[in-house]
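# Observations on chain architecture
The chain contents come next:
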Amino acid sequence: ISSPRRPGRPYPMALLPSCHIKMHGEHLEFRDLDFETLTKQRYPAGSWKWMDLSHQEQVSLIRGALHQRSFLLHPNTLYMKMWDGLVLLLILFTAAVTPFEIAFLKSTSPGLYVTNSFIDLVYMTDLVMQFFRRYFSEDVWVRCHR
């Protein structure tokens, strides 16, 4: 931990205007940060104030507060769009092949059995992935499922 700020060192206090930030096709959400609370969490003895910290310590506290603590998939990423497209194709395949298989085939061929097992695996994976997807609620992306 570096030493506290020296008195007389200028402290930039600028309020940034509201803006929408995009990074890799993903919208970043704003968070409310209480700098004094962040300082008390890092230094529980209560002897440090936000203004006493060096710029490096302040940046470190802000980065820690903004760091995403849970792994959630953003539905607008290219990976998720491709995954959803794959699941859609597999649903269409299942909708077309399963009635034919049940109505006309006496026994399932080994190739069709392997294909259906693969599709079931993809469906189970998609089910688990749904628990880790962000969702849109009240004009913001929910980033934490607490």
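I will try to describe carefully the structure that is included in this document. (Residues numbered from 1 in each chain as written. Predicted model: local features only at pLDDT ≥ 70, side-chain atom pairs only at ≥ 80, totals over all residues. Heavy atoms only, no water.)

## Comments concerning the pattern of salt bridges
Selection criterion: The rule for a salt bridge is simple: a side-chain nitrogen of Lys or Arg has to be within 4 Å of a carboxyl oxygen of Asp or Glu. A run of DSSP states H or I qualifies as a helix once it reaches four residues; a run of E qualifies as a strand once it reaches two. Both are numbered from the N-terminal end. Throughout this description, buried means an accessible area under 20% of the type-specific maximum (1.4 Å probe, protein chains only), exposed means over 50%, and partly exposed covers the range between.
The full count for this structure, using the stated rule, is one salt bridge. Two residues, D84 and R133, come together in a salt bridge whose shortest N-O distance is 3.0 Å. Taken together, the positions of D84 in helix α3 (residues 78-104) and R133 in the loop between α4 (110-130) and β3 (135-137) put the pair 49 residues apart, joining distant regions of the chain. Under the relative-accessibility criterion, D84 is labelled partly exposed at 29%.

## Some remarks on helix α2 (residues 55-66)
Residues three or four positions apart in an α-helix share a direction because the helix packs 3.6 residues into each turn. Here is the rule we go by: Every helix has an expected span of 1.5 Å times one less than the residues it contains. When we speak of the arc, we mean the arc of directions from the helix axis to the C-beta atoms. Any two residues whose heavy atoms approach within 4.5 Å at even a single point are treated as in contact.
Helix length check: α2 (twelve residues) gives 16 Å between terminal C-alpha atoms against 16 Å at 1.5 Å per residue, within 8%. Regarding α2, the residues found buried are E57, Q58, L61 and A65. Across the axial projection of α2, the buried residues extend over an arc of 100 degrees, all falling on one side. What points out from α2, more than 90 degrees from its buried face, is the exposed set Q56 and R63. Looking at the buried residues of α2, the elements they touch are α1 (35-42).

## Overview of the packing of aromatic side chains
Applicable threshold: Note on aromatic pairs: the rings of Phe, Tyr and Trp (six-membered ring only in Trp) are paired at centre separations within 6.5 Å, and the planes decide the class, stacked below 30 degrees, edge-to-face beyond 60, tilted for the rest.
Inspection of every chain in the model, using the stated rule, returns two aromatic pairs. Each ring, one from F35 and one from W50, has its centre 4.4 Å from the other, and the planes form 15 degrees; the classification is stacked. With F35 in helix α1 and W50 in the loop between α1 and α2, this residue pair connects regions lying 15 residues apart in the sequence. Residue classification places F35 among the partly exposed residues on the basis of a relative accessible area of 32%. For W50, a relative accessible area of 4% gives the class buried. Aromatic side chains F100 and F104 sit 5.3 Å apart centroid to centroid with 45 degrees between the ring planes, which places their arrangement in the tilted category. Residue F100 and its partner F104 are located together in helix α3, separated by four residues, close to a single helical turn. F100 sits in the partly exposed class, given a relative accessible area of 46%.

## Observations concerning a nonpolar patch on the surface
Inclusion rule: Residues forming no salt bridge and having over 30% relative accessible area are the ones grouped into patches, like charges within 9 Å of each other and nonpolar side chains (Val, Leu, Ile, Met, Phe, Trp, Tyr) within 5 Å. To measure how exposed things are, a 1.4 Å probe is used in the Shrake-Rupley method; for residues, cover is taken only from the protein chains shown.
The grouping of F71, L127, V128, F131 and F132 at the surface amounts to a nonpolar patch, some 580 Å² of accessible area in total. Structurally, V128 can be placed in helix α4. Take V128: its relative accessible area is 46%, and that puts it in the partly exposed class.

## Things to note about the environment of L105
Here L105 shows up in the loop between α3 and α4. Excluding residues that lie within four positions of it along the chain, L105 makes contacts with F100 and L112.

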